[in-house]
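Working through the structure, step by step
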Amino acid sequence: MKKNFLKYAEILKKNGIKKSLSEIQRFVSDYFDIPLPKVIAFDFDFSEKMEKKLQEFCLKRGEGIPFSYLTGFAYFYGRKFFVDESVLVPRPETEHIVEFVLKKLPWDFKGRILDCCTGSGNIAITFAKELKNAEVFASDISKNAVKVAKRNSLYHNADVSFILCDKLDCFKPRSFDLIVANPPYIGFLEKDFLEKEVLNEPHIALFGGEKGYEFLEDFLRQAILCVKEKGLIIFEMGYNQIDDVRFFANNVLENVKIRFLKDLNGYFRVGVIENA
Ligand code: GLN
């Protein structure tokens, strides 16, 4: 039986998947809900049904379907989020935004928060769970994404109001104390350098224009109107966009203070704008 795992790991490896054995083990653990140590020790009954599912998994992974689409969920800030091909798989680097906000705001923060481009709802739901007194809103242009996000909010019993709209089109001026977004920020020009796997995620959630930061600029133009005085806008961006974003903020947006936060690799990946 163990040999079967190795056989499938070999297939995955041939398809360019590096940690192939551990992926197989994680898949079996996640999909069939068996604790990972038991899977690793091969302490479970490997049924025919499981083997069939594993074959299908290898096939789809070989085609570059993201791991989390095949198990149906991903973890973000310690919580489980259902995902499918209509939303981006939450990334650990996006937790940086959450950590920053939770450090900055008091635990009993009562203000209004908007997560724009919510996708699976990961950021909004995390805020709703961690900041119990805040009023949390989340928007997305995709109907299917909002469906997934609503499913996640029900699963977590999180109090989030979801709104189907493009960027901040449906919000009134000065509506929020805090606006966060992990907007699409990859450039079409970078498309050829992306992994097959990433390209299987919704392009609307990935690409922000030819250079990538065009969407971000439109978002910031709107966000600065929708945020209250002294309010904050916090957003993820590409590792090479700091100069363009800084130039835009200082020359196009009025009365703002901007700073950037580094990720663990030393790249500036988060922008923080204060409506001064
Ligand atoms: N908010 C989601 C995330 O951070 C989706 C972002 C998006 O669709 N661009 O993963």
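Here the structure is shown first, and the text comes after it.
Residues numbered from 1 in each chain as written. Predicted model: local features only at pLDDT ≥ 70, side-chain atom pairs only at ≥ 80, totals over all residues. Heavy atoms only, no water.

Further remarks concern the pattern of salt bridges. Taken as a whole, this structure holds 15 salt bridges when the rule is applied. In this structure, Glu56 engages Lys53 in a salt bridge whose closest nitrogen and oxygen atoms are separated by 3.2 Å. Highlighted residues: Glu56 and Lys53, both in helix H4 (residues 48–62), separated by 3 residues, approximately one helical turn. A salt bridge links Asp263 to Arg269, with the shortest nitrogen-to-oxygen separation between them at 3.9 Å. With respect to class, Asp263 is no different from Arg269; both count as buried. The network of salt bridges with shared partners includes Glu23, Arg61 and Glu197. (Salt bridge = Lys/Arg side-chain N within 4 Å of Asp/Glu carboxyl O. Helix = DSSP H or I, 4+ residues; strand = E, 2+ residues; numbered from the N terminus. Buried < 20%, exposed > 50% of the residue type's maximum accessible area, 1.4 Å probe, protein only.)

Our focus in this paragraph is the pairing of strand E9 (residues 227–236). Of all 10 residues making up E9, 7 are buried, and the element is well covered by its neighbours. Two elements, strand E6 (residues 176–181) and E9, share 5 bridges in a ladder whose sense is parallel. Looking at the pairing, Ile179 lines up with Ile233 of E9. Pairing analysis gives 5 bridges linking E9 to strand E11 (residues 268–275), with the strands arranged antiparallel. Bridging across to E11, Leu232 finds its partner in Glu274. (Pairing = 2+ DSSP bridges.)

The next subject is the packing of helix H6 (residues 95–104) against helix H7 (residues 122–130). Where H6 contacts H7, the axes come no closer than 11 Å and their chain directions differ by 30°. One finds that H6 runs roughly parallel with respect to H7. Every pair of crossing elements has a handedness; the one defined by H6 and H7 is right-handed. Touching Val98, Val101 and Leu102 of H6 are Ile123, Thr126, Phe127 and Glu130, all from H7. Here the contact of H6 with H7 is built from residues that sort into 5 nonpolar, 1 polar and 1 charged. (Axes fitted to C-alpha atoms, helices over the stretch in contact; angles between N-to-C directions. Parallel < 35°, antiparallel > 145°, perpendicular 65-115°, else oblique. Left-handed = near helix turned anticlockwise from the far one by under 90°. Contact = heavy atoms within 4.5 Å. Nonpolar A, V, L, I, M, F, W, Y, C, P; charged D, E, K, R; others polar.)

So, on to the sheet that holds E9. As summarised here, the arrangement of the 7 strands in space is E5-E4-E3-E6-E9-E11-E10, forming an open sheet in which the pairing is mixed. Each edge of the sheet is formed by a strand with only one pairing partner; in this case those strands are strand E5 (160–164) and strand E10 (256–262). Averaged over all pairs of adjacent strands, the angle between their axes in this sheet comes to 20°, without regard to strand direction. In the packing of helix H11 (residues 214–226) onto the sheet, contacts are made with strand E3 (112–116), E6, E9, E10 and E11, and the angle to E9 comes to roughly 155°.

Close to the ligand lie Leu88, Pro90, Thr94, Cys117, Thr118, Gly119, Asn122, Ile123, Asn182, Pro183, Pro184 and Ala205. Asn122 is positioned such that a nitrogen or oxygen atom in its side chain is 3.3 Å from a nitrogen atom of the ligand. A class-by-class count of the residues in the shell around the ligand yields 7 nonpolar, 5 polar and no charged. (Near = heavy atom within 4 Å. Polar contact = N/O pair within 3.5 Å; in protein donor to acceptor, adjacent residues only side chain to side chain.)

The first and last C-alpha atoms of helix H2 (residues 20–32) sit 18 Å apart over 13 residues, in line with the 18 Å expected at 1.5 Å per residue. Buried within H2 we find Ser20, Glu23, Ile24, Gln25, Phe27, Val28, Ser29 and Phe32. Asp33 sits one or two residues past H2 and shows a positive phi near 55°. (Expected span 1.5 Å × (residues − 1).)

The subject of this paragraph is the nonpolar core. Membership of the largest hydrophobic core comes to 31 residues, with the highest contact counts inside it found for Leu168, Ile179, Phe219, Leu220, Ile233, Phe235 and Ile273. Taken together, the elements giving at least two residues each to this core come down to E3, E6, H11, E9, helix H12 (242–251) and E10. When residues of this core are assigned to their parent elements, the largest contribution, 7 residues, is made by H11. In this structure, Phe109, Phe127, Val180 and Leu232 belong to the second largest nonpolar core, which totals 30 residues. (Core = buried A, V, L, I, M, F, W, Y, C linked by side-chain atoms within 4.5 Å.)

From the geometry alone we can't say anything about function, so treat these as descriptive.
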